[in-house]
Amino acid sequence: MSRLSGKVALITGVASGIGRSAAALFTAEGAQVLGVDRNEVAGQALAATLQAEGQFHFLAADLSTEAACVQAITYCCNTYGRIDILYNNAGIAIIEPFVKTDAEALERVMAVNFKSVFYLCQQAIPKMQQQGGGVVINTASELAIVAQPLYAAYCASKGAVLSFTRALALEYAKENIRINALCPGPIETPMLQGEFAQAADPAQAKAEGIATMPIGRLGDPAEIAQVALFLASDAPALMHGAALVVDGGKTIL
Ligand code: NAD
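Source: prediction; values computed, not measured. Residue positions are counted from 1 within each chain, in the order its sequence is given. Local features in this predicted model are restricted to residues of pLDDT 70 or higher, and side-chain atom pairs are both shown and tallied only at a pLDDT of 80 or more, whereas totals for entire chains, interfaces and linings draw on every residue. Water and hydrogen atoms play no part in the side-chain values, which are based on all heavy atoms of the structure.

**As for the layout of surface pockets**
Taken as a whole, the second largest pocket holds about 240 Å³ of empty space. Lining the second largest pocket are 15 residues, with Lys 7, Gly 134, Val 135, Asn 176 and Asp 234 positioned closest to its centre. Each residue belonging to the lining of the second largest pocket can be placed in one class, and the counts come to four nonpolar, six polar and five charged. For each structure, a 1 Å grid was placed over the protein atoms alone; sets of points admitting a 1.4 Å probe that cannot get out are labelled cavities, open sets with protein on both sides within 12 Å along at least five of seven lines are labelled pockets, and lining residues have an atom within 4 Å of a point. Grid points are joined across faces, edges and corners, and a volume is the space filled by probe spheres set on the points. Any residue that is not Ala, Val, Leu, Ile, Met, Phe, Trp, Tyr, Cys, Pro, Asp, Glu, Lys or Arg is counted as polar, Gly included; the first ten are nonpolar and the last four charged.

**Structural notes on the site of the ligand**
Near the ligand there are 28 residues, and of these Ser 16, Asp 37, Asn 89, Tyr 154 and Thr 189 occur at the shortest range. Arg 38 places a main-chain nitrogen or oxygen 3.3 Å from a nitrogen atom of the ligand. In the analysis that follows, any N or O atom pair within 3.5 Å is treated as a polar contact, provided that within protein one partner can donate a hydrogen and the other can accept it, and provided that, for residues neighboring in sequence, both atoms belong to side chains. At 2.8 Å, a backbone N or O of Ile 187 approaches an oxygen atom of the ligand. For accessible areas, the Shrake-Rupley method is used with a probe of radius 1.4 Å. Any residue's cover is judged against the shown protein chains and nothing else. Protein chains bury 94% of the 830 Å² of accessible surface belonging to the ligand in isolation. Among the secondary structure elements, those contributing two or more residues to the shell around the ligand are α1 (17–28), α4 (103–131), α5 (152–172) and α6 (190–198). Of the residues assigned to the shell around the ligand, the class counts are 14 nonpolar, nine polar and five charged. Proximity is defined per residue: any heavy atom of the residue falling within 4 Å of a molecule or strand makes that residue near it. Helix numbering and strand numbering both begin at the N terminus, where a helix is a DSSP run of H or I of at least 4 residues and a strand a DSSP run of E of at least 2.

**Re helix α2 (residues 40–53)**
For a helix, the expected span equals 1.5 Å multiplied by the number of residues minus one. Relative to the 20 Å expected for 14 residues at 1.5 Å per residue, α2 spans 20 Å between its end C-alpha atoms, a close match to the ideal helical length. Where α2 is concerned, the buried positions are Gly 43, Leu 46, Ala 47 and Leu 50. Should any heavy atoms of two residues lie within 4.5 Å, those residues are considered in contact. Where α2 is buried, its residues touch α1 and β3 (56–60). Burial here depends on accessible area, computed with a 1.4 Å probe over protein chains only, as a share of the maximum for the residue type. Under 20% is buried, over 50% is exposed, and the range in between is partly exposed.

**Quick notes on empty space enclosed by the protein**
Empty space among the atoms can be located by rolling a probe the size of a water molecule over them. Per the counting criterion, the structure on display carries one cavity of 30 Å³ or more. There is about 30 Å³ of room inside the largest cavity. Its residues assigned to classes, the lining of the largest cavity comprises seven nonpolar, one polar and one charged.

**Section: the nonpolar core**
Grouped together as the largest cluster of nonpolar side chains are 46 residues, with contacts concentrated most on Leu 10, Val 36, Ile 73, Ile 83, Leu 86, Cys 121 and Ile 179. Listed by contribution, the elements that provide at least two residues to this core are β1 (8–12), β2 (32–37), α3 (66–80), α4, α5 and β6 (177–184). When residues no more than four places from it in sequence are discounted, the contact partners of Leu 86 are Leu 10, Ile 73, Leu 120, Cys 121, Ala 124, Met 128, Val 135, Val 136 and Ile 137. The term nonpolar core refers to a set of buried residues drawn from Ala, Val, Leu, Ile, Met, Phe, Trp, Tyr and Cys, joined through side-chain atoms within 4.5 Å. Judged by nonpolar contacts, the second largest core, of 31 residues, contains Ala 9, Ala 47, Phe 56 and Met 239.

**Overview of the pattern of salt bridges**
Between side chains of opposite charge, a pair can form as their charged atoms come close. Any carboxyl oxygen of Asp or Glu that lies within 4 Å of a side-chain nitrogen of Lys or Arg is treated as forming a salt bridge with it. Under the criterion given, the structure shown has eight salt bridges. The partner of Lys 250 in a salt bridge is Glu 142, and the shortest N-O contact between them spans 2.7 Å. Of this pair, Lys 250 sits in the segment after β7 (243–246) while Glu 142 sits in the loop between β5 (134–139) and α5; the two residues are 108 residues apart in sequence, bridging distant segments of the chain. Residues Lys 206 and Glu 188 are paired through a salt bridge, measuring 2.7 Å at the closest nitrogen-oxygen approach. You can see Lys 206 sitting in helix α7 (residues 202–211) and its partner Glu 188 sitting in the loop between β6 and α6, a full 18 residues away along the chain. By relative accessible area, Lys 206 is classed as partly exposed at 30%.

**Regarding the environment of Gln 193**
When you line up the elements, Gln 193 lands in helix α6. Measuring from C-alpha to C-alpha, the distance between Gln 193 and Ala 67 comes to 31 Å, with 126 residues separating the pair along the chain.

**Topic: unusual backbone geometry**
You will see that Leu 150, though not glycine, has its phi angle at about 75°, which is positive. Assignment of secondary structure puts Leu 150 in the loop between β5 and α5. A positive phi angle is found at Asn 176, which is not glycine, with a value near 60°. In this fold, Asn 176 is placed in the loop between α5 and β6.

**Quick notes on the pairing of β2**
Summarising burial for β2: five of the six residues are buried, a large majority. Pairing geometry for β1 and β2, over five bridges, is parallel. Within the sheet, the bridge partner assigned to Leu 10 lies in β2 and is Leu 34. Summarising the sheet, β2 and β3 pair through five bridges and their orientation is parallel. Note on β3: the bridge partner recorded for Val 33 is Phe 56. By convention, a crossover is right-handed whenever its connection, traced from the first strand over the helix to the second and viewed with the strands pointing away, goes clockwise. Taken together, β2, α2 and β3 form a β-α-β motif whose crossover is right-handed. For two strands to be treated as a pair, DSSP must find at least two bridges joining them.

This is how it looks when you write it as structure tokens:
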């Protein structure tokens, strides 16, 4: 029996990295998936591969505005008639000295990493209430829990996701809506590769990244997708408002 058969899932940020892996896994596990991403070319390419396997639709959208978030949930409900799982995964990194982060950059990182999560939840939860339940997975980060220099705005955006997730989980716990935060450690995706590429010595930056990992390697996107699948499935019935850290042991060092 597939773990998500009969479920409708909306996953954001499916054109790359963790979201791409999760879209493939959720589809393989029987879910009907709406993948949303601002990268239309990569999203359509993914759709071409996944449509053959199961039910997958792609919506090109920049989720940094409330209007786009409203449109995404409406599109999901118009396409599949419901929404059982909202997996907020889209995100951007910003790595620079705190004093260099201007208003525009701060607004962008908060809009993508936090406000989209807020608005998508605001649209999806009433539908879940009508349906009698649902699951929300919000992507925070290990950097919502521990800190790293040059990541002040990013850490703040992910801290907001974590705090928001806990508050929301409490508000809807009695309505059979499970809302949890997923906190990945360093995962080898285009986002992390881009962060290494920004360093003066990218190979050295990568080696230093690996050195922070007790498992001696970076994480793989599929390893986060597996945990997202667990959270999306009916198995963790008692998990509400958790911060699930999946980081190869980095934060216990
Ligand atoms: P990635 O850059 O590989 O993929 C992110 C996807 O989000 C991209 O396809 C991008 O187009 C999409 N996206 C970005 N802004 C968007 C917007 N405004 N509207 C729609 N789509 C948008 O990154 P990833 O490493 O797979 O990261 C996925 C999530 O995991 C992010 O929220 C990230 O912050 C978080 N995370 C990643 C790591 C890591 O080490 N890779 C660690 C902790 C948390």
